[in-house]
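The primary structure of each chain is shown beneath.
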Amino acid sequence: MKEGLNLLPSVAKFQAAKIRLRKRINLGMGIFLGCWVLSAVFIFSWFWLSSYSLKKTESKNTTALNNYGSLATNVVLSKKNKYQAKLVGQVLKERFEYGSSIEKIMNLFSENITLENFEIKDKKQFLLKGSMVNGINISEVEDKVRDINLGLYPDFGLAKLNSVAIGYNSWTFEMEVDLI
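Residues numbered from 1 in each chain as written. Predicted model: local features only at pLDDT ≥ 70, side-chain atom pairs only at ≥ 80, totals over all residues. Heavy atoms only, no water.

K.L.:
Explain the overall build of the protein chain here, please?
P.N.:
Helix and strand counts for the protein chain come out as 3 helices and 4 strands. Considering only C-alpha atoms, the protein chain reaches an extent of 170 × 25 × 25 Å along its principal axes. A total of 180 residues make up the protein chain; the buried ones form 16% of that total. Residue pairs in contact within the protein chain that sit at least 24 positions apart in sequence constitute 48% of those at least 6 positions apart. (Helix = DSSP H or I, 4+ residues; strand = E, 2+ residues; numbered from the N terminus. Buried < 20%, exposed > 50% of the residue type's maximum accessible area, 1.4 Å probe, protein only. Contact = heavy atoms within 4.5 Å.)

In structure tokens, the structure reads:
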């Protein structure tokens, strides 16, 4: 049989159409609600992932910024230390060393001549007072003065014999010596 003939009463036909329409509406609502829930889940997932990625990137950025800040501080400290070391090096280079100068003065004469006193007149100028037992060694003092003035001693620049005195069994002298 064909569907052309429907023997149901019109109320039943209306109710059947109403039930079909309700099924279609429920199906449409289910599809709409499913799409809405899926899109909400997708949007919240995307928001959560982007938030997580942003936090991770901010953490890396903060770490890199802190490392850069400490590196910048270390660079500044390194430059400051290098500058201070350079200043200390210049001061040490220009500093006059009295210990080595006194040692040079003490080794200037042989053991026949006794240095009784020496005085630092200027940064590199010394006043020496010495004595010897006999007058034979006074020629050694005069030879030292001459040799220093001729440049035979590279550590000394100029020498001048200020005085020579004869005492009872001893000779004393006073001389100035400039160091280079």
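Text resumes after the structure shown.
K.L.:
Explain the nonpolar core to me, please; I cannot follow it from the model alone.
P.N.:
What tends to happen in soluble globular proteins is that the nonpolar side chains get buried as a cluster. Grouped together as the largest cluster of nonpolar side chains are 19 residues, with contacts concentrated most on Ile 105, Phe 109, Leu 128, Val 141 and Met 175. Put simply, the parts of the chain that give this core at least two residues each are strand S1 (113-122), strand S2 (125-132), helix H3 (138-150), strand S3 (156-167) and strand S4 (170-179). In this structure Ile 105 touches Leu 115, Phe 126, Leu 128, Phe 156, Val 177 and Leu 179, once residues within four positions along its chain are discounted. (Core = buried A, V, L, I, M, F, W, Y, C linked by side-chain atoms within 4.5 Å.)

K.L.:
I tried to follow the side chain of Glu 140 on my own but got confused; where do I start?
P.N.:
Residue placement: Glu 140 occurs in helix H3. No salt bridge forms around the buried Glu 140; measuring N to O, its nearest opposite-charge neighbour Lys 144 is 4.9 Å away. Beyond its immediate sequence surroundings of up to four residues, Glu 140 is in contact with Phe 109, Ser 110 and Ile 113. (Lys, Arg positive; Asp, Glu negative; His and termini not counted. Salt bridge = Lys/Arg side-chain N within 4 Å of Asp/Glu carboxyl O.)

K.L.:
Help me understand the packing of aromatic side chains in this model?
P.N.:
Two measures describe an aromatic ring pair: the distance that separates the ring centres and the angle between the ring planes. If you walk through the whole model with that rule in mind, you get 4 aromatic pairs. A centroid spacing of 5.8 Å and a plane angle of 10° characterise the contact between Trp 48 and Tyr 52, whose relative ring orientation is stacked. In this pair, Trp 48 and Tyr 52 both sit in helix H1 (residues 10-94), 4 residues apart, roughly one turn of the helix. Tyr 52 sits in the partly exposed class, given a relative accessible area of 46%. On the numbers, 6.3 Å between centres and 80° between planes, the contact of Tyr 153 with Phe 156 is edge-to-face. (Phe/Tyr/Trp six-rings, centres within 6.5 Å; stacked < 30°, edge-to-face > 60°.)

K.L.:
Would you mind showing me how to read the sheet that holds S4 here?
P.N.:
Adjacent strands of a sheet pair through backbone hydrogen bonds, lying either parallel or antiparallel. Read across the open sheet, the 4 strands follow the order S1-S2-S4-S3; overall the sheet is antiparallel. Across the chains shown, the open sheet's two edge strands, defined by having one partner strand only, are S1 and S3. Taken pair by pair, the neighbouring strands of this sheet meet at an average axis angle of 15°, ignoring direction. In this sheet, S2 lies alongside S1 in antiparallel orientation, the contact comprising 8 bridges. Its bridge partner being in S2, Ile 113 is matched across the sheet by Met 132. Sheet strands in contact with helix H2 (residues 98-106) are S1, S2, S3 and S4, and its direction is about 145° off that of S1. (Pairing = 2+ DSSP bridges. Axes fitted to C-alpha atoms, helices over the stretch in contact; angles between N-to-C directions.)

K.L.:
Would you explain H3 in this entry?
P.N.:
Given 3.6 residues to a turn, an α-helix orients residues that are three or four positions apart in the same direction. The terminal C-alpha atoms of H3, which comprises 13 residues, lie 19 Å apart, in line with the 18 Å expected from a rise of 1.5 Å per residue. Along H3, the positions that sit buried rather than exposed are Ile 138, Glu 140, Val 141, Lys 144, Val 145, Asp 147 and Ile 148. Looking at the buried positions of H3, the neighbouring elements they touch are S1, S2, S3 and S4. Immediately downstream of H3, the backbone of Gly 151 shows phi near 90°, a positive value. (Expected span 1.5 Å × (residues − 1).)

K.L.:
Whenever I open this one, a nonpolar patch on the surface confuses me. Can you help?
P.N.:
Together, Phe 32, Leu 33, Trp 36, Val 37 and Val 41 give the surface a local cluster of nonpolar side chains, amounting to about 530 Å² of exposed area. Topologically, Trp 36 is positioned in helix H1. (Patch = residues over 30% accessible without salt bridge, like charges linked within 9 Å, V, L, I, M, F, W, Y side chains within 5 Å. Areas by Shrake-Rupley, 256 points an atom, 1.4 Å probe, with all protein chains shown as cover.)

This is a description of form; function is not addressed.
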